[in-house]
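# Architecture at a glance
In case you want the letters, here they are:
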Amino acid sequence: MESGDSCCSPVSDSELIIMTAITTLLPRKNDWQMAFIVTRREVRDAFRDWRIIIPIFLLTLAFPALMNFTAGRMVGFVEEYGADIIANQLIPFLLLVVGFFPMSFSLVIALETFVGEKERKSLEPLLATPLTNMQLYMGKMMASLVPPLLASYAGMTVYLIALKLSVDWSPTWQLFVQTLLITTIQGFIMVAGAVIISSQTTSVRAANLLASFIIIPMALLIQFEAVAMFWGNHSGLWWLIFGLVLTALVLMRMGTAIFNREELLGRDIDQIRLGWMWQQFWTRFSGKSETGYPNPVAWYRQTFAILGQLRVPIVIMILALIGGAAAGVIVGRMYVLPAGFQAELRGDNIVRNLEQLEMLVGALPYVILAQNVRVLLLMALLGVFTFGVLSILIFMLPIGLIGYIAAQFALAGQNPYTFLLGAILPHAVIEIPALLIAAAAALRWHITVISPPPDRTLSEGFLIAAADFVRLLLGVAVPLLVISAFVEAYVTPQALLHMYGG
Amino acid sequence: MIEAVGLGKTFDEFTAVYDLSLSVQAGELLALLGPNGAGKTTTVRMLGAILRPTTGHARVNGHDVVLEADKIRHSMGMLTEQPGLYLRMSGLEYLVFYGRLYGLSDDLIKKRAINLFERFNMPGAYTRRLGEYSKGMRQKVGLIRAMLHDPAVLLLDEPTSAMDPHSAKLVRDAIRELRDDKRTIILCTHNLPEAESLSDRIAIIKRGTIVAEGTAIELKQQLLGQPQIELQVDRYLNGEVEDLSDLVTVEWVGENTIRYRTPDPTVTNPQLVRHLTGLGLGVVSLYEVTQSLEDVYLHVVEETKDV
């Protein structure tokens, strides 16, 4: 879709993406029924495969027994030295490990059921049936989760019963629920990650290689959980669970977006196509059409038309802006500057400090511009890997800082509005819209990974959104930032002097 | 029943199908012929509402392939190029699974499955695991899967590939029955005699678009010209051939053989025989040179090779 076309659409791409994300996340009764048909077959098939059943069986019975033996020996050992606390902290972690090991099979089953089926050519007949993409995804997801989850719960039960009988230890309800939740959500994360990997590969071998992108973070996560449990910070685990739930939801949303017939059948070769990627990017960025390149006025007209599609990301970023400022004020009230620093916020001190900056004023616009562009690029880059989360946080950071400083002004008995009017407003009226536009375009780019436009493949949607971001960055944001940098270097200090009577 | 106009499909930078238009009436069987990579499978996938066309539009059984994809998949049966079975399941388990996806009751599925197994000469095999089946049997199970929900439209991609002659004949007979049963069928095949014997019409696809279409007879006439006749006489020909140019178009002359084309052999051949007899030549043999679908196919494929 050309940018010019979408300007007249009653629903923008971003709104469509949000609506699609919401509607496709809510399965209906029929979806569950169809998914269960798929799950039942897959689970039955898995239970006929000895390569899956024997390890699960061993991990359900033999491994908990081993862990139980380890726990018993450990308790006996540490009791000799009066260090019961070590055993008390380690036993819960062993419970988590007992649950995790069978759960890790969900990754193997998921890779097998998604990409294995594609490799064996049994996926296409399924795609020819009335199953929707969502139903198929749900069915396979449940099939990958059910056997390992059952094994996991069974293993934990065996371990806990044996532990109760051998060393009379039982977990608190909080710890028990947390362990169950962590184990279950980790399974969801691994399977959802496996779907994403599977849809981008054509063989189980390639998928297994890529699976390290799941295994390594999971190993790190287990280590982090070990530290949290050993530290005894069980209430902090709720935050971890919250983070894991969010990660699982994002990965599942991304999986449902990627797991579609087009992506599954359209990708026959795992090949990087740099030429095609550049062509897609450049065509979108330059606005090239069959008639040739647009003139600068037409190019800018197309670029401004993209803004119309950014309504939702802009609203999100405005909310982040307000949230950042509010968070800054709250943190400012919680962590008050020492009296010596507060004295620096007086008008006469500000004027004196500004005078010291005069010798730097020649280089200041370039420093400010470089800093702003650097922040935008960092935001764009980190957002790609975090589905936009870090880009929002980075966007909130300077605003939060302003909120913090404004709060310090108020706490020091100064008028915060004088500070805001003098030190921020003159350049912020240009700088904030520039940052907002670039940040919104970056966010739209980042969320295409989770929810690609319905009429495009994932790679197309990603490249087009990236081109839109670069277009708005270079065409709108950077020119505005150049102006705001000069305003900040030359006008803002004067306004500040005026406000504080310098 | 199947109507496609200007259909195209591009995978990133690769165009698999472009500007493809075809029409298949209810009860008609269209054979889609073409070399490997010509776009047959992509076309079938678009018509089967598995892939979305990049350009153009198509309707199958009255439903739009993009807007009513679910309805199309409900009313259509597809045999994919490779049957893609679950080898740990028995034949019956496999078909019960697929039948449920089409909303059929287990009793109905079993009844139909057992009938179809018998029809395809595999009675009793449905209790065995699919992993134990021969290649041909697996292909037949794939066909049974496509027919299980009694679809009005069938898209068959290489239905007899990897089958022994006997199995292939059974499948062909079944396809013929389906066609006689007024089902609409598109048959992708490399087997030219099969296409000629089963199809009402043939479309030859090359490099993503249809380059020739018609009945086998029409295609032969369109692409290979008038019927070609070979005539043998009882002695050497010495210049008599020049006198024949008023009657037929002579293409080749041997020592005692001539090959010619004529728009209407029923009229021309008797005249020619009378003429040669009058010249004192005895006609030893006279027959129409067989122009096979293979000739048509090769002609089309070669002709468009460098386009």
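Residues numbered from 1 in each chain as written. Chains lettered and ligands numbered in written order. Predicted model: local features only at pLDDT ≥ 70, side-chain atom pairs only at ≥ 80, totals over all residues. Heavy atoms only, no water.

This next bit is on the overall build of chain B. For chain B, the helix and strand inventory stands at 10 helices and 14 strands. Along the first, second and third principal axes, the C-alpha set of chain B runs to 80 × 45 × 30 Å. Pairs at least 24 residues apart make up 68% of the contacts formed inside chain B by residues separated by at least 6 positions. Here chain B displays about 13400 Å² of accessible surface, and carbon together with sulfur accounts for 49% of that area. Averaged over its 34 positive side-chain charges, chain B has a centre that lies 10 Å from the centre of its 42 negative ones. (Helix = DSSP H or I, 4+ residues; strand = E, 2+ residues; numbered from the N terminus. Contact = heavy atoms within 4.5 Å. Areas by Shrake-Rupley, 256 points an atom, 1.4 Å probe, with all protein chains shown as cover. Lys, Arg positive; Asp, Glu negative; His and termini not counted. Charge placed at Lys NZ, Arg CZ, Asp CG, Glu CD.)

Check the secondary structure of chain A and you find 22 helices and zero strands. Taking the principal axes of the C-alpha coordinates as reference, chain A spans close to 80 × 70 × 35 Å. When burial is assessed residue by residue, chain A has 51% of its 502 residues classed as buried. Within chain A, residue pairs in contact and separated by at least 24 positions form 84% of the contacts whose partners lie at least 6 positions apart. Surface accessibility of chain A: about 23900 Å² in total, with carbon and sulfur atoms responsible for 72%. (Buried < 20%, exposed > 50% of the residue type's maximum accessible area, 1.4 Å probe, protein only.)

Before going further, it helps to examine the pairing of strand β3 (residues 29-33) of chain B. Residue and element names in this part refer to chain B. Among the five residues of β3, five are classified as buried, and the element is accordingly described as predominantly covered. Across the two faces of β3 the burial is the same, with Leu29, Ala31 and Leu33 and Leu30 and Leu32 all buried. Bridge count for β3 against strand β9 (residues 201-206) is four bridges, and the pairing is parallel. Bridged to Leu32 within β9 is Ala203. (Pairing = 2+ DSSP bridges.)

This part covers the interface of chain A and chain B. Interface size, as often reported, equals the accessible area lost upon joining of the parts. Tallying the contact residues gives 34 residues for chain A and 29 residues for chain B. A combined buried area of about 3000 Å² lies between chain A and chain B, and 54% of that area is made up of carbon and sulfur atoms. Its salt-bridge partner being Glu93(B), residue Arg44(A) comes within 3.6 Å of it at the nearest N-O pair. One can count eight residue pairs in polar contact (both at pLDDT 80 or more) joining chain A with chain B. Elements that contribute at least two residues to the side of chain A that touches chain B include exactly α3 (29-46), α7 (123-127), α13 (261-266) and α22 (458-499) of chain A. Examining the composition of the side of chain A that touches chain B, we find that seven residues originate from one element, α3(A), more than from any other. Tallied by class, the residues present in the side of chain A that touches chain B amount to 12 nonpolar, five polar and 17 charged. (Buried area = accessible area lost by both parts, 1.4 Å probe. Salt bridge = Lys/Arg side-chain N within 4 Å of Asp/Glu carboxyl O. Polar contact = N/O pair within 3.5 Å; in protein donor to acceptor, adjacent residues only side chain to side chain. Nonpolar A, V, L, I, M, F, W, Y, C, P; charged D, E, K, R; others polar.)

With that settled, consider helix α1 (residues 40-47) of chain B. Burial runs high along α1(B): seven of the eight residues are buried. Lys40(B), Thr42(B), Thr43(B), Val44(B), Arg45(B), Met46(B) and Leu47(B) are the residues of α1(B) that are buried.

Residues and elements named next belong to chain A. Judged by side-chain polarity, Trp50, Ile54, Phe57, Leu58 and Leu61 come together as a nonpolar surface patch covering roughly 560 Å² of accessible area. Position of Leu61 relative to the elements: it lies in helix α4 (residues 50-80). Relative accessible area serves as the criterion here: at 40%, Leu61 is assigned to the partly exposed category. (Patch = residues over 30% accessible without salt bridge, like charges linked within 9 Å, V, L, I, M, F, W, Y side chains within 5 Å.)

Within the chain, Lys121(A) stands out as a residue other than glycine whose phi angle is a positive 65 degrees. One can find Lys121(A) in the loop between α6 (105-119) and α7. Its identity is not glycine, yet Asp19(B) carries a phi of approximately 45 degrees, on the positive side. When you line up the elements, Asp19(B) lands in strand β2 (residues 14-24). When its relative accessible area of 51% is taken as the criterion, Asp19(B) is described as exposed.

Residue and element names in this part refer to chain B. As summarised here, the arrangement of the six strands in space is β6-β7-β8-β3-β9-β10, forming an open sheet in which the pairing is mixed. Looking along the sheet, the strands with just one partner apiece sit at the ends: β6 (76-79) and β10 (209-214). Across the sheet, the mean angle separating the axes of adjacent strands is 15 degrees when strand polarity is ignored. Where β3 meets strand β8 (residues 184-189), five bridges bridge the pair, whose relative direction is parallel. Its bridge partner being in β8, Leu29 is matched across the sheet by Ile185. Against the sheet, α1 engages β3, β6, β7 (153-157), β8 and β9, with an angle of about 155 degrees to β8. (Axes fitted to C-alpha atoms, helices over the stretch in contact; angles between N-to-C directions.)

Below, the discussion takes up the packing of aromatic side chains. Counted by the stated rule, this structure contains 25 aromatic pairs over all chains. An aromatic cluster is present here, built from Trp278(A), Phe281(A), Trp282(A), Phe285(A), Tyr293(A), Trp299(A), Tyr300(A) and Phe304(A) joined pairwise through their rings. Just above the ring of Tyr98(B) sits the side chain of Arg145(B); from NZ or CZ to the centre is 5.4 Å. (Phe/Tyr/Trp six-rings, centres within 6.5 Å; stacked < 30°, edge-to-face > 60°. Lys NZ or Arg CZ within 6 Å of the ring centre and 35° of its normal.)

All right, on to α22(A) then. The first and last C-alpha atoms of α22(A) sit only 52 Å apart over 42 residues, clearly below the 62 Å expected at 1.5 Å per residue. Where α22(A) terminates, the next one or two residues include Gly501(A), which has phi positive at roughly 65 degrees. (Expected span 1.5 Å × (residues − 1).)

All names here are of chain A. For the pair α6 and helix α9 (residues 173-199), the least separation of the axes is 8 Å and the interaxial angle reads 25 degrees. Here α6 lies roughly parallel to α9, going by the angle between them. For the element pair α6 and α9, the recorded crossing hand is right-handed. In contact with Ser106, Leu107, Ala110, Leu111, Phe114, Val115 and Lys118 of α6, α9 contributes Gly187, Met190, Val191, Ala194, Val195, Ile197, Ser198 and Ser199. (Parallel < 35°, antiparallel > 145°, perpendicular 65-115°, else oblique. Left-handed = near helix turned anticlockwise from the far one by under 90°.)

Residue and element names in this part refer to chain A. One can read the domain layout of chain A as domain 1 (34-265) and domain 2 (282-499). For domain 1 versus domain 2, the separation of C-alpha centres amounts to 41 Å. Taken together, the eight residues of domain 1 in the interface contact eight residues of domain 2. Together domain 1 and domain 2 conceal approximately 650 Å² of surface at their shared face, both sides included; 73% is due to carbon and sulfur atoms. (Domains from an automatic or database assignment.)

So, about the packing of α6(A) against helix α8 (residues 133-167) of chain A. Residue and element names in this part refer to chain A. Across the interface, α6 lies against α8 with an axial gap of 8 Å and an inter-helix angle of 150 degrees. The hand of the α6/α8 crossing is right-handed. Mapping the contact onto sequence places Phe105, Ser106, Ile109, Ala110, Thr113, Phe114 and Glu117 in α6 and Tyr137, Lys140, Met141, Ala143, Ser144 and Pro148 in α8. Residues that form the contact of α6 with α8 fall into these classes: eight nonpolar, three polar and two charged.

Residue and element names in this part refer to chain B. Judged by pairing direction, the sheet is antiparallel, and its four strands sit side by side in the order β12-β13-β11-β14 without closing on themselves. In this open sheet, the two edge strands, each paired with only one partner strand, are β12 (249-253) and β14 (283-288). Across the sheet, the mean angle from the axis of one strand to that of its neighbour is 20 degrees, orientation sign disregarded. Here strand β11 (residues 228-233) runs beside strand β13 (residues 257-261); their pairing, made up of five bridges, is antiparallel. Paired with Glu230 across the strands is Arg259, a residue of β13. Lying on the sheet, helix α9 (residues 265-278) is in contact with β11, β13 and β14; it crosses β11 at an angle near 20 degrees.

This next bit is on the pairing of strand β4 (residues 55-60) of chain B. All names here are of chain B. Sheet topology note: the strand β1 (residues 2-11)/β4 ladder contains five bridges and is antiparallel. Among the inter-strand pairings, Val5 is bridged to a residue of β4, identified as His57. Hairpin connection, β4 to strand β5 (residues 63-64): the antiparallel pair is bridged by two residues, and Asn61 has positive phi, about 55 degrees.

Residues and elements named next belong to chain B. With respect to the helices and strands, the residue His149 is situated in the loop between α5 (135-147) and β7. In terms of polar contacts, His149 uses its side chain to reach the backbone carbonyl oxygen of Met76, at 2.9 Å. If sequence neighbours within four positions are ignored, His149 has contacts with His74, Met76, Gly77, Tyr102, Leu104 and Arg112.

For Pro338(A), the location among the structural elements is in the loop between α16 (311-334) and α17 (339-343). Once the C-alpha coordinates of Pro338(A) and Ala412(A) are considered, the two residues, 74 residues apart in sequence, prove to be 9.9 Å apart.

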